[in-house]
Amino acid sequence: MENVGRGEQVEHEISECIAAGDWKKVIDLGQALPFNQRVKYLWLWPLQKDLERIRESLVRFGITEVLSIGCGTGLLEWLITASTGIVVAGVEKDEQWWRSKYATRTYIPMLFAEAMTNVDNECQGQQTGQAMMFCYFNHGAAFREYVKNFSGHYVIIAGPMEGRGVHTDPLPFGAKFPADQEWTVVHSIPVGSENLNQFVIYQRR
Ligand SMILES: C[S@@+](CC[C@H](N)C(=O)[O-])C[C@H]1O[C@@H](n2cnc3c(N)ncnc32)[C@H](O)[C@@H]1O
């Protein structure tokens, strides 16, 4: 019971910081939690310096808009937008569940896969400035289907490095893209305090 109470308190504190636009304090709240508690709110917790490096790299590649597939609560997406000014929209599946009273709190407006006809239509700006992001995504076939229907030039995969006892599909390095497409890693940024996660940018060839 004590843990449930503490969990709700953390959620409440995160929501308050978000309402105040205080992204630095959200990061501090995450860092103050033990690893096994922290990942309940977000798998990949960036530090302030990581968000600065993410901002620099998005600017460097001319990425002005990011569509994050499988965004979960949308906390990472909120942190990126609040700290960089770059819009990150989130996509989830199973709208009924996310709208239900059992769902965890969400921090950004979400789009739902069931209602999306075309990934490109969901990005408001020019296609050249778009990136599609997958953070701790866990469905390789769905990843390839999303990429197949995307005509932008950048895909970001954020997640654990191979061999660290945590599995995602795709993993950030060596992702399996649709067979008829060629994508190369153009930049990678270590993220978080755990020496576990990477934020990897792929460019279409
Ligand atoms: C492990 S969670 C990661 C959540 C969040 N990105 C994070 O880093 O904390 C994977 C998420 O992908 C979502 N997901 C799985 N298949 C999906 C699909 N086909 N379209 C959109 N979201 C999907 C799941 O509902 C889940 O919320």
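The paragraphs below set out a description of the structure included in this document.

**So, the overall build of the chain**
Logical step 1: Looking only at helices and strands, the chain has seven helices and seven strands in total.
Logical step 2: N-terminal to C-terminal, the α/β element order of the chain is α-α-α-α-β-α-β-α-β-β-α-β-β-β.
Logical step 3: Computed over its C-alpha atoms, the radius of gyration of the chain comes to 16 Å, within 12% of the 17 Å expected for a compact globule of 205 residues.
Logical step 4: Dimensions of the chain, computed from C-alpha atoms along their principal axes, come out at roughly 50 × 35 × 35 Å.
Logical step 5: Within the span of the chain, comprising 205 residues, buried residues form 36% of the whole.

**Re the pairing of strand S5 (residues 154-160)**
Logical step 1: Counting buried positions along S5 gives seven out of seven residues, so the element sits mostly inside the fold.
Logical step 2: As paired elements, strand S4 (residues 130-135) and S5 share five bridges and run parallel to each other. From the neighbouring strand, Met-133 faces S5, where its bridge partner is Ile-156.
Logical step 3: Crossover handedness for the path S4 to helix H7 (residues 140-148) to S5: right-handed.
Logical step 4: Summarising the sheet, S5 and strand S7 (residues 197-204) pair through seven bridges and their orientation is antiparallel. Note that in S7 the partner of Pro-160 across the bridge is Asn-197.

**A look at helix H4 (residues 48-60)**
Logical step 1: Taking 1.5 Å of rise per residue, the 13 residues of H4 would be expected to cover 18 Å, and the 18 Å separating its terminal C-alpha atoms lies within 8% of that figure.
Logical step 2: Buried within H4 we find Asp-50, Leu-51, Ile-54 and Leu-58. Seen along its axis, H4 keeps its buried residues to an arc of 95°; they face one direction. Summarising the geometry of H4, the exposed residues directed more than 90 degrees from the buried face are Lys-49 and Arg-60.
Logical step 3: Among the structural elements, helix H5 (75-84), strand S6 (183-191) and S7 are those in contact with the buried residues of H4.
Logical step 4: Positive backbone phi, at 70°, marks Gly-62, one or two positions downstream of H4.

**Some points on the site of the ligand**
Logical step 1: Lining the immediate surroundings of the ligand are 18 residues, of which Trp-43, Gly-70, Gly-72, Tyr-136 and Ala-142 lie closest.
Logical step 2: Grouping the amino acids of the shell around the ligand by side-chain chemistry returns 12 nonpolar, four polar and two charged.

**Brief notes about the sheet that holds strand S1 (residues 65-69)**
Logical step 1: Strand order in the open sheet formed by seven strands is S3-S2-S1-S4-S5-S7-S6, and the pairing between neighbours is mixed. Only two strands of the sheet have a single partner each, and these edge strands are strand S3 (110-112) and S6. Averaged over all pairs of adjacent strands, the angle between strand axes in this sheet comes to 25°, irrespective of strand direction.
Logical step 2: Sheet strands in contact with H4 are S6 and S7, and its direction is about 155° off that of S6.

Analysis parameters
Residues numbered from 1 in each chain as written. Predicted model: local features only at pLDDT ≥ 70, side-chain atom pairs only at ≥ 80, totals over all residues. Helix = DSSP H or I, 4+ residues; strand = E, 2+ residues; numbered from the N terminus. Rg over C-alpha atoms; globule rule 2.2 N^0.38 Å. Buried ≥ 20, exposed ≤ 12 C-beta atoms within 10 Å, placed from the backbone. Pairing = 2+ DSSP bridges. Right-handed = clockwise from strand over helix to strand, strands pointing away. Expected span 1.5 Å × (residues − 1). Arc of directions from axis to C-beta. Contact = placed C-beta atoms within 7 Å. Near = placed C-beta within 6 Å. Nonpolar A, V, L, I, M, F, W, Y, C, P; charged D, E, K, R; others polar. Axes fitted to C-alpha atoms, helices over the stretch in contact; angles between N-to-C directions.

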